[in-house]
Amino acid sequence: MGEWIHLDTAAGPVRAWRARPQRPPRGAVIVLQEIFGVNAHIRAVTDGFAEHGFVAMAPALFDPVQPEVELGYGDAGVTRGRELVAELGSDTALQVVAAAARWLREAGHHPGVVGYCWGGSMAFLANTRLGLPAVSYYGARTMPFIGESARAALMFHFGGRDASIPADDIARHRALQPHAGIFVYPNAGHAFNRDVDPAHFHADGAALAQRRTLAFLAEHTS
């Protein structure tokens, strides 16, 4: 369903996986990757949003520092992904997100953003700094910024068994983002939406979070 396109960004040219619905779109969404790049899983997630009626785009956030990154989920992939996150920095990542939003707006859409893991934290910053409606899945890097003011509608999904995001951190989200929708899935851990990874995937939590996310996007990006 999807295809690679190219975006002109302030950080240079970047690829983006774009998927379009087969019927008139009900909204638009920018999908923000985990630390493993726009790999087959993220492309499938993006295609899935198109199947639900949204124009969807996953910009390859690492392209400014290393093009065509697709990492595995083992220790080596985690280590390299963290290195790329540090090399890229949040400001450059947000330049890429801004270019994706501009592309979608010029095509007549009002995009929101959905991000996973590191991308979940970037989705939060896309809300507070770019003004985009945002859904953040288990963003473990959000805490240094959690006091920033939301500029659009905001939703968070957390796994109750996610050791990287303890209950005290979730409580801080509730205290400092009182208007956000904050949902905890008690039996899910980190990366519970990653259906290609049996060690992390939690089918019931992922399905409920998806329903809530689709309703959010329908309300705030149409």
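Structural data are supplied above this passage.
Here the structure is a predicted model, which is why all the values come from computation and not from measurement.

Asker: Tell me what's going on with helix 3 (residues 90-106), and back it up with residues and numbers.
Answerer: Between its first and last C-alpha, helix 3 extends 24 Å over 17 residues, near the 24 Å set by a 1.5 Å rise per residue. Of all the positions in helix 3, only Ala 93, Leu 94, Val 96, Val 97, Ala 99, Ala 100, Ala 101 and Leu 104 are classed as buried. Contacts made by the buried residues of helix 3 are with strand 1 (2-9), strand 2 (12-19), strand 3 (27-32), strand 4 (54-59), helix 2 (75-88) and helix 4 (118-130). Directly after helix 3, the chain includes Gly 108, whose backbone phi takes a positive value near 95°.

Asker: Residues and numbers for the pattern of salt bridges, please.
Answerer: Taken as a whole and judged by the stated rule, the model has 9 salt bridges. A salt bridge links Arg 15 to Asp 63, with the nearest nitrogen and oxygen atoms 3.1 Å apart. Taken together, the positions of Arg 15 in strand 2 and Asp 63 in the loop between strand 4 and helix 2 put the pair 48 residues apart, joining distant regions of the chain. The burial state of Arg 15 is the same as that of Asp 63; both residues are buried. For Glu 34, the salt bridge is made with Arg 194, and the minimal N-O distance between the two is 3.0 Å. Of this pair, Glu 34 sits in the loop between strand 3 and helix 1 (40-51) while Arg 194 sits in the loop between strand 8 (181-185) and helix 6 (203-220), and the two are 160 residues apart along the sequence. Just as Glu 34 is buried, Arg 194 falls in that class too. Each of Glu 3, Arg 18 and Arg 20 takes part in a single network of salt bridges with overlapping partners.

Asker: Got a sec to walk through the sheet that holds strand 2? Specific residues and values, please.
Answerer: Spatially, 8 strands are ordered 1-2-4-3-5-6-7-8 in an open sheet, and the strand pairing comes out mixed. Of all strands in the sheet, those with a lone pairing partner are strand 1 and strand 8, marking the two edges. Pairs of neighbouring strands in the sheet enclose a mean axial angle of 20°, with direction left out of account. Relative to strand 4, strand 2 is paired through 4 bridges, and the arrangement is antiparallel. Each residue of the ladder has a partner; that of Arg 18, found in strand 4, is Met 57. Packed onto the sheet, helix 3 meets strand 1, strand 2, strand 3 and strand 4 and runs at close to 110° relative to strand 1.

So, how was this worked out
Residues numbered from 1 in each chain as written. Predicted model: local features only at pLDDT ≥ 70, side-chain atom pairs only at ≥ 80, totals over all residues. Heavy atoms only, no water. Helix = DSSP H or I, 4+ residues; strand = E, 2+ residues; numbered from the N terminus. Expected span 1.5 Å × (residues − 1). Buried < 20%, exposed > 50% of the residue type's maximum accessible area, 1.4 Å probe, protein only. Contact = heavy atoms within 4.5 Å. Salt bridge = Lys/Arg side-chain N within 4 Å of Asp/Glu carboxyl O. Pairing = 2+ DSSP bridges. Axes fitted to C-alpha atoms, helices over the stretch in contact; angles between N-to-C directions.

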